[in-house]
Amino acid sequence: VITQDLRTDAELLRATAQDVEAFGVFYRRHSRWVLGFLVRRLGDAELAADVTSEVFAAAFLASGRYDPGRGAANSWLYGIVANQLGSVLRRGAAETRARRRLAMEPVPVHPEDLAWIESLATAPDVLSAMDLLAELPEDQRALVTARVVQERPYDELAGEEGLSETVVRKRVSRGLATLRNRLQERGADR
Amino acid sequence: MSDYLDRLQTELLAAGRGYQERGATSSAGAGRPRRRLTGLVPVVVSLAVTVLVVAAALGIGLIHGASPSATGQHGRGPVSPAPVNPTQPKVTVAPACRTGGAHPGLPPLVMSDAAPSAQLRSILALAREPAGGEGAAAIRGFDRSPLNVLTVFRRYIRIVAGGRGVRAAFVPVVFCQQIDSGSGFTPSRIRITPAQAIIMVPLDLAPKVTAVTVSTAALIRSGFALPGLDTPDHQWMQGVVVPDGVTRVVMHFTPPFLHSYSATVAIRDNVGLIVRRPDYTPTSVSWYAADGHLIRTFVDRQAIRLENCLKAHRKNCS
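Here the structure is a predicted model, which is why all the values come from computation and not from measurement.

Caption draft 1: A look at the pairing of strand β3 (residues 149–153) of chain B. Residues and elements named next belong to chain B. Judged by how many residues are buried, β3 sits mostly within the fold: five of five residues are covered. In the sheet, strand β2 (residues 110–112) pairs with β3 via three bridges, with the strands oriented parallel. Among the inter-strand pairings, V110 is bridged to a residue of β3, identified as T151.

Right, here's the structure in full:
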């Protein structure tokens, strides 16, 4: 049996207080892009792995405070990533506060992990589009990320955002059109 | 390929379980009112704003469009021990739907020979008249988890072909329905309780999934019991569930900047299936009887407003 969990991110975060596995589903949806994004930004696989640990520990602790009315869950996670990234850039090291509160053991990063994590930084398509994605308007960015990067169904996104499926499709479509145009512009610049 | 993310998940969830267990047994911090954090909020918001400025200055660009307050709310690390979150809505879960804690999973799936509820029987011949026995075999191994299906009424399953080699089973079930109450996006109360509905199980798609939309009696009466999902070839698998007397459903689409078009679905035993363009949702749905007369048309006014707005080249059409 293939167990594809179709709960929305908001539902998963809300369920986390009663069911830790729900957070596991949320983690599986988002951990790869978080790690890939961080290694691109930081240029250091080990540090990116360290920050990723802290990001998800912080997300776990804050999951009950997630309010869908303030934005999509991936935007919320972006916020945590940005916060941790800012902290790293100021301190030169990853925060450990959330992991300490969870009493979380360090997860060693092996040499083979480093190579794989580094490969995420140069993975084509999705990750290279991340920079452009970050420039999209918030409503489009969150939905394009959810739809294209995380491959989540439209109706799930519509439910999560409190929008009709038509609106979601339009926003994704507009966001992709903007991305295409910007990619073409960059291509023309080279 | 590395298993780093898997190992991190294992450690994270183990730590999370331990944290929740400690929180459940410790009175310190548990249930602490959120307003006690008030004194820390200006500091945290200030920190968040600083991070935003630093991030923007460094060209991070990640938080474009996110308000400082939103980032302050969501993006900061936790500032106070609060293992059990006080802002959670009040959740009531019926015993049959409980998972987690002392209930590691749902009870075993029941394959029942009984008929569905009177509510479904009153509007659906599908729920009154047993079908052939191939349905239960066809859905064997379907994923019950997204909808937390508890019971399958196995004698009442209909299998429908939708063209292009796509088939789906329409299955009467008892599932765990989540009912939110309260205003706004954040419900003040959530009830999770067994309810009956028709679900659509795609038979030839991989991975095997259950349609997210459940066709409860109320949704069927509303005209928009339209379970659907993407197919691997980027089409849209569109199911339809309608009450007795409807033999044909016409969905009307009015995409902006394109010609309007319609899609017709033949109905048999209350259900139908087609494969259609994935781009749009119908702005109206019409039910027709066997003699061709129009029974009723349902209009999605929100979708029509959006289309008109887009056609008028206005901004902020949502």
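Caption draft 2: Focus on the pattern of salt bridges. Taken as a whole, this structure holds eleven salt bridges over all chains when the rule is applied. Across the salt bridge formed by A:D50 and A:R99, the nearest N and O atoms sit 2.6 Å from each other. Taken together, the residues span a long stretch of sequence, with A:D50 in helix α3 (residues 45–62) and A:R99 in helix α5 (residues 97–102) at a distance of 49 residues. Taking the relative accessible area as the measure of exposure, A:R99 reaches 13% and is therefore buried. As a salt-bridge pair, B:R7 and A:D113 come within 2.5 Å of each other at their nearest N and O atoms. Pair noted here: B:R7 is in helix α1 (residues 4–25) and A:D113 is in helix α6 (residues 111–121), and the two residues belong to different chains. You can call A:D113 buried: its relative accessible area is 1%. Ionic contacts of the salt-bridge type, sharing partners, join the residues A:D9, A:R29 and A:E156 into one network.

Caption draft 3: Structural context of the sheet that holds strand β9 (residues 248–253) of chain B. Residue and element names in this part refer to chain B. Reading across the sheet, the four strands line up as β10-β9-β12-β13 and stay open at both edges, with antiparallel pairing between neighbours. Looking at the sheet topology across the chains shown, the edges are occupied by β10 (261–266) and β13 (294–299). Taken pair by pair, the neighbouring strands of this sheet meet at an average axis angle of 15 degrees, ignoring direction. Pairing analysis gives five bridges linking β9 to strand β12 (residues 284–288), with the strands arranged antiparallel. Bridge pairing in β12 places V249 opposite W287.

Caption draft 4: Examining the packing of helix α2 (residues 20–42) of chain A against α6(A) more closely. Residue and element names in this part refer to chain A. Interaxial distance between α2 and α6 falls to 7 Å at its minimum, and their mutual angle equals 80 degrees. Classified by the interaxial angle, the pair formed by α2 and α6 is roughly perpendicular. For the pair α2 and α6, the contacting residues are R32, L35, G36, V39 and R40 in the first and W116, I117, E118, L120 and A121 in the second. Of the residues that constitute the contact of α2 with α6, the class distribution is six nonpolar, one polar and three charged.

Caption draft 5: View of the packing of aromatic side chains. A full pass over the atoms with the stated rule returns five aromatic pairs over all chains. A centroid spacing of 5.3 Å and a plane angle of 85 degrees characterise the contact between A:F23 and A:F60, whose relative ring orientation is edge-to-face. Pair noted here: A:F23 is in helix α2 and A:F60 is in helix α3, with a separation of 37 residues, a long-range link. Given a relative accessible area of 4%, A:F60 falls into the buried group. An aromatic cluster of at least three residues, connected via ring pairs, comprises A:F23, A:F26 and A:F60. The ring of B:Y288 has B:R248 sitting right over it, with the charged end atom 4.3 Å from the ring centre.

Caption draft 6: Representation of the confidence of the model for chain B. All names here are of chain B. Mean pLDDT over chain B stands at 71; residues scoring 70 or higher make up 62%. Every residue in residues 25–87 scores below 50 in pLDDT, and together they form 93 contacts with partners more than four places removed in sequence or on other chains. Overall fold confidence (pTM) sits at 0.48, and the ipTM for the predicted complex is 0.71.

Parameters and conventions
Residues numbered from 1 in each chain as written. Chains lettered and ligands numbered in written order. Predicted model: local features only at pLDDT ≥ 70, side-chain atom pairs only at ≥ 80, totals over all residues. Heavy atoms only, no water. Buried < 20%, exposed > 50% of the residue type's maximum accessible area, 1.4 Å probe, protein only. Helix = DSSP H or I, 4+ residues; strand = E, 2+ residues; numbered from the N terminus. Pairing = 2+ DSSP bridges. Salt bridge = Lys/Arg side-chain N within 4 Å of Asp/Glu carboxyl O. Axes fitted to C-alpha atoms, helices over the stretch in contact; angles between N-to-C directions. Parallel < 35°, antiparallel > 145°, perpendicular 65-115°, else oblique. Contact = heavy atoms within 4.5 Å. Nonpolar A, V, L, I, M, F, W, Y, C, P; charged D, E, K, R; others polar. Phe/Tyr/Trp six-rings, centres within 6.5 Å; stacked < 30°, edge-to-face > 60°. Lys NZ or Arg CZ within 6 Å of the ring centre and 35° of its normal. pLDDT = per-residue confidence, 0-100.

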